[in-house]
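Spelled out from the first residue to the last, the chains are:
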Amino acid sequence: MKIAIVGSGPAGCYLADQLLRLVPGCAIDVIDRLPVPFGLVRYGVAPDHQATKSVSRILDRTLAHKQVNFFGNVEVGRDVTLEQLLSFYDAVALATGAQRDRRLGIPGENLPGVIGSGSFVAWYNGHPDAKIPPIENIKSVVVIGNGNVAIDVARVLAKEPSELAGSDLSHDITQLLAAQPLREIHIVGRRGPADAKFTPHELAELGNLKRAKPFIADPEELEKADATPIVGVLEKFLENGNCQDSNEQRSVSVVFHFYLAPVAFVGYGRLQAVKFRAKDGKEVEIAADLAVTCIGYESLPCCTAKPVDGKFANADGKIDERLYVVGWAKRGPSGVIASSRSDAQLVAKKIAEDVSDGGRRGGEGLREHLQSKNARFLDHTGWKRINDAEVARAGEHRCREKFCSVEEMLEASGKSPS
Ligand code: NAP
């Protein structure tokens, strides 16, 4: 059986792994629009969380399997249509994730200085499509949302360069962030402390930073909150002192606010403050030079397949005849990386039950098609060359210095320029 998986992030690679176990003799092609694999692991997981990023070694083993081929720099819709893929393969699975930031839909959201976490995280992770945010003279940042992405964003901003050593945050971005006169990071949730979606380990990390100290804006909210592991971590922050005293060496305050719903971004020409509505109906304004909305993501269309309400409508992973979906594109942006593994198990089982070998051409057909279009696609060997070059140029303070443009990646892979 010939199977194409569109997307080489954790969902796509885990699906390939599960299919290898369930469908003996299958041939799997994993297609990615970028020349480099691993999607969310490379471009979503925080650069200072290398232990989490190390899952890429496991994913890479799957891509290197003799029954699996990697087709990098192949965009479905641009280089090949979904219809063509379905003619080459017995089954096609979309593992395209959720790349677009959800929007708040409030006034001022387009002001310079307001940015979605997907764009912001993609920027500091060196994604080739990322736009450079207006990072200049940043004293106060408002982070909207009470999930782990909000924690990631706050932590990357709060750390000083020595705490980012060994990460793959680029030299230039490390320097740019260190040069900001940052004093305050406000993490703002629309519900209470017990409703926050942080995980305790990630939250607790904010209590162990060199130049930043966590505070609770309204300690009474904690007293009233149900006892949860998150409330426990916030109480520890409180016990460690809830005001900036004169002996405090840590110059950056990370302030947690609850029960504040965003109503507008305010500013002339660029962001100056974020306006919230409190529980009692009163409006509260927090001054900000940068606001990062960390409120979730939605999937983008893949050629003719269109998501509805941010994900692809499916029945247990099946979108249509021989067309499947897995990961965040299937269930929305929730869960940790390992959740994509259990999801992939279910979808692989469904494919194994539904689909039979139709004698299709698989990768041979795709390769021939791409060559006829002079498409510059690369395989696993090409990716390994990029990987080796990124690691080789990293220098002593980081584990990798990523190439941030497709052209640089293709050059490092050995593909001649277009
Ligand atoms: P999330 O956990 O779903 O959190 C989204 C936050 O945005 C929630 O606090 C939500 O509040 C808030 N929100 C949504 N709409 C809003 C609105 N209109 N106004 C104000 N607030 C709004 O999503 P995430 O942080 O993007 O993370 C996505 C997934 O990746 C999660 O499963 C997360 O655990 C995972 N992740 C894990 C790690 C890690 O393990 N280290 C790191 C990063 C991400 P409500 O609760 O009120 O809806």
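Cut-offs used in this document
Residues numbered from 1 in each chain as written. Predicted model: local features only at pLDDT ≥ 70, side-chain atom pairs only at ≥ 80, totals over all residues. Heavy atoms only, no water. Domains from an automatic or database assignment. Contact = heavy atoms within 4.5 Å. Buried area = accessible area lost by both parts, 1.4 Å probe. Salt bridge = Lys/Arg side-chain N within 4 Å of Asp/Glu carboxyl O. Polar contact = N/O pair within 3.5 Å; in protein donor to acceptor, adjacent residues only side chain to side chain. Axes fitted to C-alpha atoms, helices over the stretch in contact; angles between N-to-C directions. Helix = DSSP H or I, 4+ residues; strand = E, 2+ residues; numbered from the N terminus. Parallel < 35°, antiparallel > 145°, perpendicular 65-115°, else oblique. Nonpolar A, V, L, I, M, F, W, Y, C, P; charged D, E, K, R; others polar. Phe/Tyr/Trp six-rings, centres within 6.5 Å; stacked < 30°, edge-to-face > 60°. Lys NZ or Arg CZ within 6 Å of the ring centre and 35° of its normal. Near = heavy atom within 4 Å. Areas by Shrake-Rupley, 256 points an atom, 1.4 Å probe, with all protein chains shown as cover. Pairing = 2+ DSSP bridges. Core = buried A, V, L, I, M, F, W, Y, C linked by side-chain atoms within 4.5 Å. Buried < 20%, exposed > 50% of the residue type's maximum accessible area, 1.4 Å probe, protein only.

Here the protein chain is described as being made up of domain 1 (2-99 + 297-413) and domain 2 (103-293). A straight line from the C-alpha centre of domain 1 to that of domain 2 covers 32 Å. Contact residues are listed per partner, giving 24 residues for domain 1 and 26 residues for domain 2. Counting the surface lost from both domain 1 and domain 2, the interface buries some 2,000 Å², and carbon and sulfur atoms represent 50% of this. Applying the counting rule to domain 1 against domain 2 returns four salt bridges. The salt bridge partner of Lys 159 is Asp 48, with a shortest N-O separation of 2.7 Å. Seen at the junction of domain 1 and domain 2, the total is 16 residue pairs in polar contact (both at pLDDT 80 or more).

Attention now goes to the packing of helix H15 (residues 380-392) against helix H16 (residues 406-413). Packing of H15 against H16 brings their axes to within 7 Å, and their N-to-C directions diverge by 105 degrees. Taken together, H15 and H16 sit at an angle that is classed as roughly perpendicular. Here Gly 382, Arg 385, Ile 386 and Ala 389 of H15 lie close against H16, whose contacting residues are Met 409, Ala 412 and Ser 413. The residue makeup of the contact of H15 with H16, split by class, is four nonpolar, two polar and one charged.

Overall, the coordinates contain seven aromatic pairs when judged by the stated rule. Ring geometry for Phe 38 versus Trp 383: centroids 5.5 Å apart, planes at 85 degrees, classification edge-to-face. Linking Phe 38 in the loop between strand E2 (27-31) and helix H2 (39-43) with Trp 383 in helix H15, this pair joins segments that are 345 residues apart in sequence. Grouped by ring-pair contacts, the aromatic residues Phe 120, Trp 123 and Tyr 124 constitute a single cluster. Above the face of the Tyr 259 ring, Lys 279 is positioned so that its terminal group lies 4.0 Å from the ring centre.

Here we take up the site of the ligand. Surveying the vicinity of the ligand reveals 21 residues, the closest of which are Asn 146, Val 149, Arg 190, Arg 191 and Gly 335. The backbone of Asn 146 places a nitrogen or oxygen atom 2.8 Å from an oxygen atom of the ligand. Within the side chain of Arg 190, one N or O atom sits 2.8 Å away from an oxygen atom of the ligand. Burial of the ligand by the surrounding chains reaches 83%, relative to a free accessible area of 920 Å². Considering each element in turn, the shell around the ligand owes the most residues, three residues, to helix H7 (residues 148-158).

Further remarks concern the sheet that holds strand E14 (residues 290-293). Spatially, E6-E14-E7-E8-E10-E9 is the arrangement adopted by the six strands of the open sheet, whose pairing is parallel. Among the strands making up the open sheet, the edge pair consists of strand E6 (114-116) and strand E9 (212-216). The mean inter-strand angle of the sheet, taken between neighbouring strand axes irrespective of direction, is 20 degrees. Pairing of strand E8 (residues 184-188) with strand E10 (residues 252-257), which is carried by five bridges, proceeds in the parallel orientation. Residue pairing for E10: Glu 184 is matched across the bridge by Ser 253. Against the sheet, helix H6 (residues 117-124) contacts E6 and E14, and its axis sits at roughly 85 degrees relative to E6. Helix H11 (residues 229-239) rests against E9 and E10 of the sheet, and its axis sits at about 110 degrees to E9.

Below, the discussion takes up the nonpolar core. Proteins that are soluble and globular tend to have nonpolar side chains buried together. Counting 45 residues, the largest nonpolar core has Phe 120, Ile 185, Ile 187 and Phe 256 as its most contacted members. Top contributing element to this core by residue count: H7, with seven residues. With sequence-adjacent residues up to four places away left out, Phe 120 is seen in contact with Ile 115, Pro 133, Ile 135, Val 153, Leu 157, Leu 290 and Val 292. Ile 5, Val 41, Ala 95 and Ala 344 belong to the second largest nonpolar core, which has 42 residues in total.

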